[in-house]
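Single-letter residue listing:
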Amino acid sequence: MRTARLRTVHPALWAGWAALAAGAVLCVIGWYGISGERYAERQLPYLASCTIPGAALIVAAAVLLTHGRSALAAARVEELYGLLVAAEPADAEESARAAATPVAVSPDLLMVPGGTLWHRADCPLVAGKPEAVPVDSKLVANGELSPCPICEPAEADD
């Protein structure tokens, strides 16, 4: 599923590569012609007819290749965005179902020493951590610990 813009970018890339090759060939011919001449007045025709146009073609090739690559990247981003927007309704139903199911449901409450949050035991932030210890009720009562926003352990007390 390629867009029309993606197909139109390729000629700019091909033109850039062709200009680069032609510019390189002209620069080599100009260098070869200049290197065979001893006097500057005999070198100027090679410089004017080959080396300067070759350098201009190389600069034009750089511009074409840069434009072609950025246009190609932009076309790919637009294509991916279109696919993402087309797939959104199905993902919206799944995300609504995932939001309805709780992350953690364990009644046991844990905290990490030195931390600022208290969690359910199966919260992804403390699950499997050996340093997690049961919550000290004094810290919760003093307000030194806040409930985890991910597993929402405040609901466990309700």
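See above for the structure.
Asker: Is there a simple way to think about the overall build of the chain in this case?
Answerer: Secondary structure assignment for the chain yields four helices and four strands. Its helices and strands taken in sequence order, the chain reads α-α-β-β-β-α-β-α from the N to the C terminus. Burial analysis of the chain (158 residues in total) assigns 20% to the buried set. For the chain, contacts bridging at least 24 residues in sequence account for 61% of all contacts bridging at least 6.

Asker: Can you walk me through the pattern of salt bridges in this structure?
Answerer: Where charged atoms from two side chains of opposite charge approach closely, those side chains can pair. The tally for this structure, following the rule as stated, stands at one salt bridge. Among the ionic pairs, Glu37 bridges to Arg42, the shortest N-O distance being 4.0 Å. Under the relative-accessibility criterion, Arg42 is labelled exposed at 52%.

Asker: Would you mind showing me how to read a nonpolar patch on the surface here?
Answerer: On the surface, a cluster of nonpolar side chains totalling about 270 Å² of accessible area is made up of Leu44, Leu47 and Ile52. With respect to the helices and strands, Ile52 occurs in helix 2 (residues 40-100). Accessibility expressed as a relative area gives 52% for Ile52, which makes it exposed.

Procedures and definitions
Residue positions are counted from 1 within each chain, in the order its sequence is given. It should be noted that, the model being predicted, local features are given only for residues of pLDDT at least 70 and side-chain atom pairs only at 80 or more, the latter also being counted only at that level, while totals for whole chains, interfaces and linings use all residues. Based on all heavy atoms of the structure, the side-chain values leave hydrogens and waters out of the count. Numbered from the N terminus, helices here are DSSP runs of H or I no shorter than four residues, and strands are runs of E no shorter than two. Residue exposure (1.4 Å probe, protein chains only): buried if accessible area is under 20% of the type maximum, exposed if over 50%, otherwise partly exposed. Contacts between residues were defined by any pair of non-hydrogen atoms, one from each residue, lying within 4.5 Å. For salt bridges, the criterion is a side-chain nitrogen of Lys or Arg within 4 Å of an Asp or Glu carboxyl oxygen. Residues forming no salt bridge and having over 30% relative accessible area are the ones grouped into patches, like charges within 9 Å of each other and nonpolar side chains (Val, Leu, Ile, Met, Phe, Trp, Tyr) within 5 Å. In short, Shrake-Rupley with a 1.4 Å probe defines the accessible areas, and a residue's cover is counted only from the protein chains shown.

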